[in-house]
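Summary of the model geometry
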Amino acid sequence: MAKAGFTLGELAEVLQARLEGDPARVVVGVAPLESAGPDQISFLTDSRYHGAARASRAGAFVAPPDVADLPAPTLRCAAPQQALIDLLRLFHPPAPAPPGIDTTAVVAADARVDPGAAVGPLCVIESRAVIAAGVRLHALVHIGPGVEIGEGTVVYPHVSLREGVRVGRRVVIHAGAVLGADGFGFAFDGVGHRKIPQVGGVLIEDDVEIGANTAIDRATFGDTIIRRGTKIDNLVQVGHNVEIGEHSLLVAQVGIAGSSRLGKGVVLAGQVGVADHLTIGDGVIAGAQTGIAFSLPAGDKVLGTPARPMLQAKRIMVAEARLPEILQRLRALEQRLEKLAAQLGDTTGGAR
Amino acid sequence: MAKAGFTLGELAEVLQARLEGDPARVVVGVAPLESAGPDQISFLTDSRYHGAARASRAGAFVAPPDVADLPAPTLRCAAPQQALIDLLRLFHPPAPAPPGIDTTAVVAADARVDPGAAVGPLCVIESRAVIAAGVRLHALVHIGPGVEIGEGTVVYPHVSLREGVRVGRRVVIHAGAVLGADGFGFAFDGVGHRKIPQVGGVLIEDDVEIGANTAIDRATFGDTIIRRGTKIDNLVQVGHNVEIGEHSLLVAQVGIAGSSRLGKGVVLAGQVGVADHLTIGDGVIAGAQTGIAFSLPAGDKVLGTPARPMLQAKRIMVAEARLPEILQRLRALEQRLEKLAAQLGDTTGGAR
Amino acid sequence: MAKAGFTLGELAEVLQARLEGDPARVVVGVAPLESAGPDQISFLTDSRYHGAARASRAGAFVAPPDVADLPAPTLRCAAPQQALIDLLRLFHPPAPAPPGIDTTAVVAADARVDPGAAVGPLCVIESRAVIAAGVRLHALVHIGPGVEIGEGTVVYPHVSLREGVRVGRRVVIHAGAVLGADGFGFAFDGVGHRKIPQVGGVLIEDDVEIGANTAIDRATFGDTIIRRGTKIDNLVQVGHNVEIGEHSLLVAQVGIAGSSRLGKGVVLAGQVGVADHLTIGDGVIAGAQTGIAFSLPAGDKVLGTPARPMLQAKRIMVAEARLPEILQRLRALEQRLEKLAAQLGDTTGGAR
């Protein structure tokens, strides 16, 4: 997809990197060490990859200052991973979406779509929705009544934002995500489960990313809130009235039950479950499949079901593997003790 | 969103509540204790919230008969949670959907859409589908050939009901749900997995609710069945030929494998898994992330993987935490016993 | 849905079966033993079902050679499950989809849709997409720029294939699946999580099936790859740069983290999680809810979190249930030993 080429001199300037080698050399793309060819630039984010870099056919490298002896011109960067992001954005600029509303989109007369927004084919934008400049709605997106979307936000196909959902700036919502479906709230009336109307909303702050087919329910009252900078992976469930702090990471298939509050910088690995009405402190980290049934203070690192401090959980897992052996040793001890006791003439009772 | 105001006298009548205070006082909305203002009515479902109610700025309360000393006029109700539902329905009536078929919807000539149904923009209704009065299809819904939908059912955007799916009355299907995709059935023929055609259907009875991005597969033969009054949360998987009894609750990300049958009033908390071909009795309750690999009799309360009686599972979890300690104590015992044995001149064998 | 009838003579020929009974007898459908009527043919895949077959009202049977005394004419087949598939395809041929592009579909001028492809209502096909002969796109499908779809592939409603995704022949993609959403890749720059552009693609080989609302992310570089013949159930997450070998089975709600590679014929039961950057060998089988945190050699059968050899995991689960008892026995041993030691005048230390 990359067409334009850049000289290493140009790249050095953009990345504010120190170039070792020919500034006139041209590269036309970015690729990993194993697959890069002589017209591509590759990268090492870490000296661990030195061997692979030595074997690489890449025409140039981005590397940290301390990695020596690379087989091609090298751009030295203090933060090579950030430089890689810059390179990728340079070689793969987002496809242009000409502003305007596709003629096949269905837009309510009283919706306000900024002329600088791009609305794709067969989108539906309902009454009173407000779409800011620079927003891109891909094809077949549904925007409910009164929804607000901030500048520069990108919404992929088949997303549904139900009535009153508010989305900040530079948010990315991947295909099939559903924001603002009713929270799961019922009260048994003796005959059946009666629905508790869910009259709250959903608030997504700036710079959030929401994965494909993820569901974020509307609040019963007030708002379900995702604070700025938080990134949510695919197939994640966020229940009603949940609040997730800034710059958190929720990996795929995580589920968070109603009214739980996560702090800033929380990291939940894949398939983690969080029960309802909990408080998870800033910076908590939970390993994959952890089941969190109790609130956790800031900084906790947990694993397992029930969630336990990570080191303890690992120690338990190791000991668990010895359970059959433990039973054998226990039996042996009991027999031995029985025998000794008999020897001593003690008959006051068995070992059990 | 609430515009109309109601006097407390009017509300007392609707809720059949006893009013303590001025019947002419007007409230314009419902809010929780912490956020309610003087023009809003709030609620206590339980005397536990008495302190919060005392501190609330709410202009009126719905409360159980036994909670005294509230700081504003109070509507006394035997079942305050049911009263709350009544209030919410009063202040937040569902948005009106004028009956009729949006001009941008694509409806097969031989589909039968009742004039009292509302079909949103860019819906697709295929051949022989039957849509009853009072049904609301939001935008971008797909209704497959021969699908039947009963009175008063609401279907949110991007739902797909594949051929032959039958949905009862007053059902709610949230955005992105898929009903009637092929069950996961294959037979290895020595070369590859050959698809077993899934020629059955899906039957959803009255008053069921189905969450966002949930998938309910069609049966191989016969029907996958969700009985009346059952509520299913988001991102739930219901395999082919599963039957779920009346008034059950399936919380988010639950998965039920093929041909399992759940009784009435079953409650599965988040991320529970149920293996295939099991029978889960009436009223079974399973805690979050439980893995059910065997059939369970009516009334069982289970937790953990493998699923065990809840109390036993909790006792095991507590004991598990002591596994490293158990190993230490075992070692200490063995050494002590060895020493005693030596003292006694017993050399017939170690403790192990 | 079945209308045509077939004589048993015709079926014997198609199935290459030996018929015991009247070749002129007509059956009009296929049904399981319990529900089949006299005008239907039923089947036994195994002699275990002999009792049910004896009680069946079916007008004919497909059965293995060794099952005697059936109450109706019987077609003898060496592989009755394969014969069942043949029967189902015969009685339930796929609904015909007349080739051509529905007038309500939105197709880019430079997309190439083979005249033998069927494009349903309100599909969106973007620039440079290539759709082969015999492809069927159901309603409301989104095909991104440059996507390629091979012959005979079926795509159900609300599927989104993002830019550059390549899909082979005879693939089935169920409703709501998302292929090619961005992988979950970010790098913290001291202020927030910066997005690593995901510039790779997704490659789906021939004869793959992908379940409803499943998400398969695009690679950071290169491709996320699903090899031929692999079947993926609903609500599965496949992370960026994952590669899944031929003829594997991924049951519902499985999650596979980035860059992991699965071999051929791998079977992951429901809700299994696989961590990132692992290598899972050919033929590995993992039981439901297994959490795989380490690479596994070919042929391993694992269960539990952490994943352990299946027999060991089951032995541990059994022993786990005895943990409270183990603690009691340990305490009893310690007390008994203390007492014996006292008797011997040993006071060098407690059993602990």
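Residues numbered from 1 in each chain as written. Chains lettered and ligands numbered in written order. Predicted model: local features only at pLDDT ≥ 70, side-chain atom pairs only at ≥ 80, totals over all residues.

Notes on the domain arrangement of chain A
Under the convention used in this document: The split of the chain into domains comes from an automatic or database domain assignment.
Domain boundaries in chain A define domain 1 (6–91), domain 2 (100–311) and domain 3 (322–352). Summarising the inter-unit geometry, the C-alpha centres of domain 1 of chain A and domain 2 of chain A are found 37 Å apart.

Remarks on the confidence of the model for chain A
Let me state the cut-off plainly: The quantity called pLDDT is the predictor's confidence in a given residue, expressed from 0 to 100.
The pLDDT averaged across chain A works out to 95; a share of 97% of its residues lies at or above 70. Prediction confidence for the complex, expressed as pTM and ipTM, is 0.96 and 0.95 respectively.

Regarding the relation of the copies chain A and chain B
Rule in force here: In superposing the copies, a least-squares fit is computed on C-alpha atoms, taking residues whose pLDDT is at least 70 in both.
Between the two copies, chain A and chain B, the superposition gives an RMSD of 0.1 Å; the rotation angle is 120° and the shift along the axis is 0.0 Å. The superposition operator between the copies reduces to a three-fold rotation axis.

So, the sheet that holds strand β20 (residues 172–173) of chain B
All names here are of chain B. To keep things clear, this is the line we draw: Strands are labelled as partners when DSSP assigns at least two bridges between them. The helix count covers DSSP runs of H or I at least four residues long, the strand count covers runs of E at least two residues long, and both are numbered beginning at the N terminus.
In spatial order, the strands read β8-β11-β14-β17-β20-β25-β28-β31-β34-β37-β39-β40; together these 12 strands make up an open sheet with mixed pairing. The open sheet has two edge strands with one neighbour each: β8 (100–101) and β40 (308–309). Where strand β37 (residues 285–286) lies against strand β39 (residues 301–303), 2 bridges are found, and the strand directions are parallel. Across the sheet, A286 pairs through a bridge with V302, a residue of β39.

Description of the interface of chain B and chain C
Which entries qualify depends on this criterion: The contact rule is simple: place each C-beta atom from the backbone, and if two of them lie within 7 Å, those residues are in contact.
The partner chain C presents 56 residues to the 50 residues of chain B that form the contact. Looking at the side of chain B that touches chain C, the elements that each hand over two or more residues are β21 (178–181), β22 (186–188), β23 (193–195), α4 (310–320) and α5 (323–343) of chain B. Ranked by residue count, the leading element in the side of chain B that touches chain C is α5(B), at 9 residues.

A look at unusual backbone geometry
Along the chain, A:T305 connects to A:P306 via a cis peptide bond; the corresponding omega equals 0°. Within the secondary structure, A:P306 is located in the loop between β39 (301–303) and β40 (308–309). One non-glycine residue, B:L235, lies in the positive phi region at around 60°. In this fold, B:L235 is placed in the loop between β28 (231–232) and β29 (237–238).

Looking at the interface of chain A and chain B
Here is the rule we go by: The classification used treats Ala, Val, Leu, Ile, Met, Phe, Trp, Tyr, Cys and Pro as nonpolar, Asp, Glu, Lys and Arg as charged, and all other residues, Gly among them, as polar.
Of the residues lining the interface, 53 residues belong to chain A; the matching set on chain B comes to 57 residues. Taken together, the elements giving at least two residues each to the side of chain A that touches chain B come down to β21 (178–181), β22 (186–188), β23 (193–195), β26 (215–217), α4 (310–320) and α5 (323–343) of chain A. Partitioning the side of chain A that touches chain B into residue classes produces 26 nonpolar, 16 polar and 11 charged.

Quick word on α5(A)
Basically, it comes down to this: Multiplying 1.5 Å by the helix residue count minus one yields the expected span of that helix. Residues with at least 20 neighbouring C-beta atoms inside 10 Å of their own are called buried, those with 12 or fewer are called exposed, and the rest are partly exposed, where every C-beta is derived from the backbone. Here the arc refers to the set of directions running from the helix axis out to each C-beta atom.
The end-to-end C-alpha distance of α5(A), which contains 21 residues, comes to 30 Å, matching closely the 30 Å that a straight helix rising 1.5 Å per residue would cover. Among the residues of α5(A), A:L323, A:I326, A:L330, A:L333, A:R336, A:L337, A:L340 and A:A341 are the ones counted as buried. Buried positions in α5(A), seen along its axis, are confined to an arc of 135° and lie on one side of it. Away from the buried face of α5(A) by more than 90 degrees, exposed residues A:R331 and A:A342 are located. Turning to α5(A), the residues buried within the fold contact α4 of chain A, α5 of chain B together with α4 (310–320) and α5 (323–343) of chain C.

Section: helix α1 (residues 8–15) of chain C
All names here are of chain C. Listed in full, the buried residues belonging to α1 are L8, L11, A12 and L15. Along the axis of α1, the buried residues cluster in a sector spanning 105°; they form a single face. If you follow the buried residues of α1, they end up packed against β1 (6–7), β2 (18–20), β3 (26–27), β6 (60–63), β7 (74–76) and α3 (80–91). One or two steps after α1, the chain reaches Q16, where phi turns positive at roughly 50°.

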